[in-house]
Each structure stands twice: as C-alpha cells, then as structure tokens.
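This is what each chain is made of:
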Amino acid sequence: MSARTILSVEDNEMNRKIVRDLLRRTSYRLIEAHDGEAGVALAHEQRPDLILMDVQLPKLSGIDAMRALRQAPGTAHTPIIAMTSFALSGDEQRAKDAGATAYLAKPYSPRDLLAMIRRLVPEE
Amino acid sequence: MGRRAKAAKGKSGAKRARARKPTKNDDAKLAGLEKRLAEALDQQAATAEILRAISGSRTDVPSVLNVVAENAARLCHVEDVSIIQADGGIFRVLAYRGAPRLKEFEGTPVTRGSVAGRAILDRRVVHVPDVTELSEAEFSVSQALVEHFGHSTMLATPLLREGRSIGAIFVRRTNVRPFSDREIELLQTFADHAIIAIENVRLFNETQEALEQQTATSEILRVISRSPTDVQPVFDTIADRAMRLCDGRECSVFRFDGELIHLAALAHVSARWAGALRGAFPRPPGRGSMTARAILTRSIVHVPDCLTDPEYELTEAARASGNRSVLAVPMIRDGEVVGAITVSREEPRPFTKKQIEVVTTFTDQAVIAIENVRLFTELQQRNEAVTQAHTEVSETLERQTATSEVLRVIAGSPTDLQPVLDALVRSASRLCQTADTFLLLVEGDRLRVVARTVEEGGLADSIHRGWVAGRAVVDAQTIHVEDLSSAGAEFPRGAEIAARLGHRTALALPLFGKGLVIGTLFLRRQKVQRFSDKEIALLQTFADQAVIAIENVRLFTELQARTGELTRSVEKLMALGEVGQAVSSSLDLKTVLTTIVSRAVQLSGLDGGVVFEYDEATERFMQRAAIGTANRATAAHEGIRRGEGVVGRMALTLQPVQIPDIAVAGAYESRIREDLIAAGVRALVAVPIMREGRLVGGLAVNRKQPGEVSPDTVELLQTFAAQSALAIQNARLFLEIEDKSRQLEVASRHKSEFLASMSHELRTPLNGILGFNEMILDEVYGEIPPDLREPLTEIQNSGRHLLRLINNVLDLSKIEAGRMELALGDYAVQDTVAQVRASLHALAADKGLEFVTAVPADLPLAHGDAGRIAQCLTNLAGNAIKFTRQGRVEIAVELEGELVVYRVSDTGIGIEPDRMGTLFTEFRQADPTIASEFGGSGLGLSITRKFAEMHGGRVWVESEPGRGSRFFLAVPLRVGGGAPA
C-alpha cells in the first residue's frame, strides 16, 4: 500500500512550510492548496487520507470548503483538522458543525499537530 | 369459672359411669351431684332475693344488708354474720344476723388485731379455721372476743370498692369447721352484693344532697335578687337553709362592723338559746364564742363538742339549750371579715366536709348580698347627688336668661360685630330701663360711638376727664353721676352734653381688653335715678360680653387671614413639589416647562404664560412652552430679540420687568403688541431664568386685567424661573451626555475591533516563531549544538508568554465589548488540569520549581467552558511560577458540594494586604497604564475573575507577604444547571 496522503489547505506560505518541514521526516505524502476552492478541487481529485484546513482562506472560506467536502461522497468521511488563528469561543464549535474531525488553534505546537495526525491516520 | 370447670369434669365422669353396671360408689356420686345442684339453686335464689331487695329499696341500706346477712348465714352454714363498715377507722355494724352482742363491735377501732380489721386493712380474705390456734400477739382483739363469744372458726372477706376497702363481711361458726373454697367464694359474692347496696345508697344520697344544696343555693340567690336593698331576708333564708342542710338544730347569722359582732338572723333557735345569744352579742372578736373565734381567726371554727372546749364562755347556756357540735364560718369580702354563719347541733357529732362546704358557700352568698346592698345604697346616693346637681344647673341657667340674647347673637355672628353690639345696648337699655345706652370705642384720641339704642343725637368727643364716658376711659373705672345738672364743675363737658340731650343721671363702665381700656359702655337717664348695684353688676357682664365679642371677631378675622395665608403656601408648596417632580422625573424639556408655566399661571391668578429659552449666539428668546392667552401670538414669532418687549427688556437688566398696561401708549414696544392686545392681554411680567450667573431663558406671564402684580407673585414667578433653569440645564446636560455616550460607544467598538484584528494579526507570525522554534528544538532540522538549546528554549517560553498576553488582551476587549460568550460543554477536570500542567511544566522546570497537581480521581464530569477554565488556571499558575523564586507551585482541586474549587498555591513573594482588594480589578480598558503593566499579573487576574463570574463562580486570594499565596477559583460543577452526563 502506498504512503498516506495529507492535503494541507493554507494561504500562508510560512504556515505551509511548517507543515512541510514537520512531515519531511515522516512517511506521509503532502499535497498543498492555497485557497478554499483549490483545496476542494484537489481533495476530489486526489482523495487524501487527511486534510489540514485553515479556516481563514481566500475565495472559499475553510468553513464553506469543509461543508462542500462533507457533501461530496468521496470526501464525506475524510478526517479534517480545522485550524484557525481567531481562537474565539465558538470557533471550534463552528468548525465542527461544518464537518471538522478535530480542531487546532494557531499558534499550535507542531509536536501536537503531528500527534493528532498520527492518531487520526496512523503512518504506514 | 373454676366451679363450672369442676362441674363439667364431674358430668363427663358420670357419662363414663353409665356404660357399666351401677355400683354403690356411683350412688354416692349421684347423691353428691344432687346436693350440688340444690346448692346452686339455693345460691341463685339468694342472689335473686338480694337483687330484688336492692332494687326495691334504694335508700334503705340496713334492710338490704339484712337480706344479704340472712342469705349468707343460711348458705354458708354459719351462726353469726355481720356486715361492718370502716368509718374513719371505727367499726360501724351495718347489719348482723345471729348474736345481738355483735352490735358491740360498733365504735371500736379498726386494727389488725381482729379478723375483720385485718381483712379490711389487708384487703384480703382472712380465714381462721381454729381460733384456739391463733397467736395472741397477732389477733389480740379476736382472742378477747373468743373468750367472750366462744366461737371457733372465723372468716372475714373485705368489701372492696375501686380497690379501697370500706368494710367487711364477718362470719363465724361456734364449732371448728373450716370454710370450703366454695363457701369462701360465695361469701365474696355476698360481699359484692353488699358493696352494690351500699354504693347505690351512697350515690343516691349524694345526688339527693347535691340537689338539696343546689335548691337551697338558688333559693338564696333568688332572695338576694328580690331584696337588693335589704340583707335581712337573705340572712333569714341562709340561716334556715344552713340549719336544714347541715342537719343542725340551730343556725345564726352575724354581722361584724370592724369592732363588734352583731346578731343578724336566727333560725329555729330555742327561746333560751336566743336569749343567751342576745345577751352575749354584740361582742368583740375573741375566743369565748365560736362565732367570735371564727371572726378573730378569720378561719372556720369546727368544734365537735363545745362543752369540752376550755375557752368556751357560753357553756352554761349551751348545756341548758343542748348545743354540742358547733361550726362557725367567717364571711370574708376583699380580705375583710364582715360576719359569720354559725350552725350547731344537739349531739356531739362532727359536721361533714360537705356540710362545711355548704356553709362556706352560704357565707359567700351572704357576702354577695351585703355587697349588693352596699352598691345599691351607693348608687342611690349618687343618683341623689346627680339630681341635686341638676337642680342647681337649672337654677343657674334661669339666672343666665337675662344675658342669653346677647350670647345667642355672639354665637350667631362670629364675624360680624355690629349685631352683637346692637343687641347688647338694646338689652342694657331694656333691663336697666334707661333712655339710651351707648357703646363707645377708643379710636386714637377719641371715643367713637359704635352702637346705641336710639338713632339720634351725637356723643363723640376726645378722651378727657371732663365728661362721664371720657373719665371712665381715662380713670379705667366705673363713673356714676347721679345728677349731671349739678355736676357742671366736675364734668363741664358732660353737663353740656346732658343739657343738650336731656339726661340727668349717667353711668359709664370701662371695657377692658388685654388690660387696656378699649372703650366704654355709657347709659343715661332723663330723670335723676341712681343705677342700683344689681344693675351695675348686670351691666358689668354686658361690658365683658362686648369685649368678648370684639375679641372674638378680631381672632376670627386673624384666623381667617392666617388660614388663607396657609392655604396659599400649601398650594405653593404643592405646585413646587409637582414641578420639582416633573423636573426630576422627565427629561422631556417641553413637558417639564409646560408643567412649570401652567402651575405658575394658576398659582399667581394670571391668564397666560410663556417660557423662553435664550440662545446666546443669536441673542434671541425662543418659545419652549406656553399656556393660556397669547400662546399663538408668541409662538408665531421667530424668537424675541434682546431689548424687545418685556422679555427683551428683562434681558438687559436681568431683573423682573412689569408692564401694568400695554395698551398705554409708549409703555410697551414689540412686534407682537397688536396680537397681544387683540388677545385681550393688558399686563405683562417677565422674570429672568438664570443659571450660574448666565441668562438661559425667561418666564413671561400675562393678565387681562391691567395693573401691577404683587411682589409676592413676582417672587413666586422667580421660584418657578429657578425651576425652569434647572429643567433647561438638565435637558442640555442630558443631550450632551447622550451625544458623548454615542461617541464613546463608537470609539469603544472601534477599539475592540482593532484589538481583535490586531491579536489575529499577531498570531500568524507567532505561529511561525513558535512552530519553527519548536521543530528546531525537536531537531526536525537536525541536531542542534548544546549551547543553542538554552536560548532556543528561552525563545519558546517568551513566545508562549507573548501569546498568553495577546490572548488576554483579546479576551479583555471581548469581555468589555460584551461579546464574550462561554462555549459550554462537558469536560473532565483532570484533563483540564493536565493540559495546564503540560503547558506550564517547562516554565516551572526552567526555574527549578516543583510543579504538582492534585485532582481527586473520582470527580464527576464537569460542565462549563473547559478552554476558559484552563485559561484561568494557566493565568493563576503562570503568575505563581513568575512570582516564586524557589519552592513549589501546586494546583489542587476539591469538590465542595456543587462547587469545584481549584486552589493554586505557591511559595512565592506573597501579596501586600492593601493590594489584595483591587487585585482582580486593576485593569480596565481605558486604563492608560495598560502598556506599562503589560508584564504584570493584573490583566490575567481581571480576565480570570470575569470568566469565573461568567461561570457563576468567583475567585479570591489568601496571602501574606513572604509566605506565598493561595489563589482560589470556585465554579459550579455543572454550569447553568447542565444535567450530569
């Protein structure tokens, strides 16, 4: 079986690089999208094993993107970790209502993120 | 019962016997059975007879008991039976059968020395099968009797009533033959019968006695009510009834007047004894007579035999008339002895308790009778006094008739003096038969006629001693001149007047009011005739009445003026109160000012008014509220210029301005003059409305009636103007505040929004710093030189600290903007504490501090905002770590009822007491020191407090400088009553 694929949907290059560097030493395969629309399209095309979804995204917000993913049969059950830097009370609930499997507030600890990924999608 | 069981056993034995051949033995048994049957029948017959006797003669105990005794003798085969009663420790033989000598038991004491005595005292059957075997020590009495009577077997069964032994049935046989169980049982049955008979009679007698007593009492009461004025019939009745009820022979009633005892009533007293009593009474209290002794000792005297009393003095008479037992009961009212009732009987037999009670009751009734009569007499005396007083009043009233007309007039016209004075002079003239009566009053240096009988001829002059009336005033005394025609030397002016008016005799009485002469009552006669003393005395009353009338009217007028004044000030106060209320309760300027101007107009009796507000910039008065006339005229106007009209003129002087009549040419110049005149306005007044020395408006009022308004009214208008000033000021301030609030709100919103977006913007770079740094430390990029590890860790800690500060700022801004909401959910306290520990563990470890947590394992699942609770704990524990150089920091959790209490304790520097009070409230959004205190602890504590309160909990601290601190956070286990999971 081929390596697990993780889709990172994030508009900020620095944040993308953190994920990229974090997963460099793991067996996960990383694919990236820069906005919500592209993220949804890529998910449909590549069917990743897990999606890291920033909530504040251009074109299509993370919330709307997750709703769209949940409605499509191929991604309806894909684990999604929602990430936001607003950290307002209720953000977590909103993300979960839209379909997020887990939630992480920015700034997050890369260590915690990796643990969370491993829990949801164990490495091969 | 036992007997019946035995009989049944016998029957079954008989049945068995029938199965075989009869024997001699069987015959004997049959004979035994027949005997028993006969006995049972006998017994039944006896019982029936006794019961018949009981029911047939309820009151005759001896005859019933005789039947009992007879049957007992027959059925128990005894020679003697006696039924004995123990009456006060003495034997009384109620019935007996057999030897008549048994009667001699009567009167001997009940002791355990006799068989019957022992049965009574021990309340049990005493059976002596053979008297000769009795020990003498035990049965001394019985032994003695045996010698006397010669009997051998004895038995006594007690008569028991309600567990108390009242007597015994005593039986004896002359030969030695012990009683069988059956016989004993039978005797007990007879004992029961005897008891029933005795009880029956006792109850009957008691009822009878009670009835007699009641009858007697009610009879006495009837007599008392029939003779309210006389105690004698009552005493007579009492004496008679007491004698009867006490089974006495004689009864006498005595009165005691405090010194001597008087015989008051006698009943059935023998002539001899009556004579003795009459000879012995009245006498003082003493011990020589039982009555005198009862009164002396104030207590009941009961002597069973007066002949044996050593102190008794009437022994001879008592012996002669056969008086032995005496009972004397004192009558006592309110602690005072008022008499006594004495009963005596001819044989020495003590009176029973009941009889003593009866006599005591009678003494009470005698006291009531005495009291009744006393009250009646008193009442009658009072009545007489009232009647006499009434007569006196009537006479006085008759004497007053002469002056009644005047009094009536005074009463009838309290406000008008003239009718009173007219009536006065008329009455004076009539009663003294004079030609003319004058009433003159002092007016300055003259006397003025205010009333006179006839309508012609003048009598007025300056006050001097040259005429009669003048002299009365000057000398302040009555002047009486018999003939003025011959008194010209003394009364030159008087003689002159007399010659003119044609009178000879004159009298003048001064009128005194408050010690001053205020006038005079003057009478003249055309012929010479002195006024009698009686007439002068009468005239003196008229003079007094005149003064009273004058004074009355003066007081009345004064009172009316005062009342009017008072009413006006009350109205004023009420209006001001209303206005004050309007000013304080309404912020609508027009409403307030309309209230003010309408009250001002109403209270001042004016026709209309306007309140203007003065605009300093344009120097114009703008109408704000108006009422009544000229409303339209002023409202149509585009503001009144300074200097124009009455308001404009007031603005120049800042003083009230009046224009008595605007119709007068040149008095008033204004563009609205014609309109006002058309509306009927004539007079105008304007008062300034000032606030802190500045003109803020004007109050202008108008009246259709031309003329000046009173200074009082102007003053009132100024008061209203002051109120208006307050209202205008209030309204202006309110508008200002409203505007400021709006501005503040906008600014505050901007600030909150700015802070929210700022904190978001700050997070993104922080994510990079913390993320990359952590990965470097985790050697994602390869091994790091050991020297770098410490500074890199420092970067990580500082970054986290910065993040916390940013979070706090964001939270505070949200809280202040009211946008903070809790995200409620179930959470495990253990997890939350573990999360806090994980995030601060490194920080504590770096400072070399011990950082421990203690959470009970069995805590139930909590409900609340876990993130916020964690934030609070992080704040508290973060501070604890920051302010502790060495030692330990602990987070401990305890469940106290429905509260989860988190305790964060440290061994740090502690907190000064004066700082503890404000510790949780130091930071406010508007606080300019926020930046400088950024590194302080207050921001986090403020937020912690807010979160605790949002959870319905609280935070507090216990600390001592140098001895560490303990911060407590207590929140409900289930916030908002969330049902336990």
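Residues numbered from 1 in each chain as written. Chains lettered and ligands numbered in written order. Predicted model: local features only at pLDDT ≥ 70, side-chain atom pairs only at ≥ 80, totals over all residues. Heavy atoms only, no water.

**Points about unusual backbone geometry**
Residue Pro107(A) is bonded to the preceding Lys106(A) through a cis peptide linkage, with omega at -5 degrees. Take Pro107(A): it is sitting in the loop between strand S5 (102-105) and helix H5 (110-120). With omega at 0 degrees, the peptide bond leading from Phe281(B) into Pro282(B) counts as cis. Within the secondary structure, Pro282(B) is located in the loop between helix H8 (271-280) and helix H9 (290-297). With a phi angle near 45 degrees, Arg47(A) is a residue other than glycine that sits in the positive phi range. The topology assignment puts Arg47(A) in the loop between helix H2 (36-46) and strand S3 (50-54). Residue Glu619(B) is not a glycine yet carries a positive backbone phi of 55 degrees. (Helix = DSSP H or I, 4+ residues; strand = E, 2+ residues; numbered from the N terminus.)

**Observations regarding the nonpolar core**
All names here are of chain B. Formed by 43 residues in total, the largest nonpolar core has its most connected members in Val829, Leu873, Ile891, Tyr902, Val904, Phe967 and Leu969. Contributions of two or more residues to this core are made by helix H21 (786-816), helix H22 (829-846), helix H23 (866-882), strand S26 (888-896), strand S27 (899-906), helix H25 (938-950), strand S28 (954-959) and strand S29 (965-972). No other element matches H23, which puts eight residues into this core. One finds Leu245, Ala267, Val367 and Val373 within the second-largest nonpolar core, a separate group that totals 30 residues. (Core = buried A, V, L, I, M, F, W, Y, C linked by side-chain atoms within 4.5 Å. Buried < 20%, exposed > 50% of the residue type's maximum accessible area, 1.4 Å probe, protein only.)

**Here's the deal with the environment of Ala292(B)**
Residue and element names in this part refer to chain B. Residue placement: Ala292 occurs in helix H9. Given the relative accessible area of 0%, Ala292 is considered buried. In this structure, the C-alpha to C-alpha distance between Ala292 and Pro282, residues ten residues apart in sequence, is 9.9 Å. Among residues more than four places away in sequence, those in contact with Ala292 are Ile261, Arg283, Pro284, Pro285 and Gly286. (Contact = heavy atoms within 4.5 Å.)

**Quick notes on the pairing of strand S18 (residues 620-628) of chain B**
All names here are of chain B. Sheet topology note: the strand S17 (residues 608-615)/S18 ladder contains eight bridges and is antiparallel. For Val610, the partnering residue across the bridge sits in S18 and is Ala626. Hairpin geometry of S17 and S18 is characterised by an intervening segment of four residues between the two adjacent antiparallel strands and by a positive phi of about 55 degrees at Glu619. (Pairing = 2+ DSSP bridges.)

**Details of the sheet that holds strand S7 (residues 261-267) of chain B**
Residue and element names in this part refer to chain B. One open sheet holds the five strands; their spatial order is S7-S6-S10-S9-S8, and the pairing between them is antiparallel. Strands at the two margins of the open sheet, each flanked by one partner only, are S7 and strand S8 (301-303). Direction aside, the axes of adjacent strands within the sheet are offset by 15 degrees on average. Taken together, the six bridges between strand S6 (residues 250-256) and strand S10 (residues 336-345) define a ladder with antiparallel strand orientation. Looking at the pairing, Arg255 lines up with Gly339 of S10. (Axes fitted to C-alpha atoms, helices over the stretch in contact; angles between N-to-C directions.)

**Notes on the sheet that holds strand S2 (residues 90-97) of chain B**
To summarise the sheet geometry, strands pair through backbone hydrogen bonds and adopt either a parallel or an antiparallel arrangement. All names here are of chain B. The antiparallel open sheet is built from five strands, whose spatial order is S2-S1-S5-S4-S3. Strand pairing shows two members of the sheet lacking a second neighbour, S2 and strand S3 (126-128), which therefore form its edges. Across the sheet, the axes of successive neighbouring strands diverge by a mean angle of 20 degrees, strand direction being ignored. Inspection of the sheet shows strand S1 (residues 80-87) paired to strand S5 (residues 164-173) by six bridges, in the antiparallel sense. Paired with Asp80 across the strands is Arg172, a residue of S5.

**Some words on H23(B)**
All names here are of chain B. With 17 residues, H23 extends 24 Å between its outermost C-alpha atoms, agreeing within 8% with the 24 Å of an ideal straight helix rising 1.5 Å per residue. Extensive coverage of H23 is indicated by the burial of 14 of its 17 residues. The opening residue of H23, the one whose side-chain oxygen lies 3.2 Å from the backbone nitrogen of Gly867, is Asp865. (Expected span 1.5 Å × (residues − 1). Polar contact = N/O pair within 3.5 Å; in protein donor to acceptor, adjacent residues only side chain to side chain.)

**Some points on a nonpolar patch on the surface**
On the surface, a cluster of nonpolar side chains totalling about 260 Å² of accessible area is made up of Phe754(B), Met758(B) and Leu762(B). Position of Phe754(B) relative to the elements: it lies in helix H20 (residues 711-777). (Patch = residues over 30% accessible without salt bridge, like charges linked within 9 Å, V, L, I, M, F, W, Y side chains within 5 Å. Areas by Shrake-Rupley, 256 points an atom, 1.4 Å probe, with all protein chains shown as cover. Salt bridge = Lys/Arg side-chain N within 4 Å of Asp/Glu carboxyl O.)

**Focus: the confidence of the model for chain A**
Looking at chain A, the pLDDT average stands at 88 and 94% of residues meet or exceed 70. For chain A, per-element mean pLDDT is lowest for helix H4 (residues 91-98) of chain A, which scores 82, and highest for strand S1 (residues 5-9) of chain A, which scores 95. (pLDDT = per-residue confidence, 0-100.)

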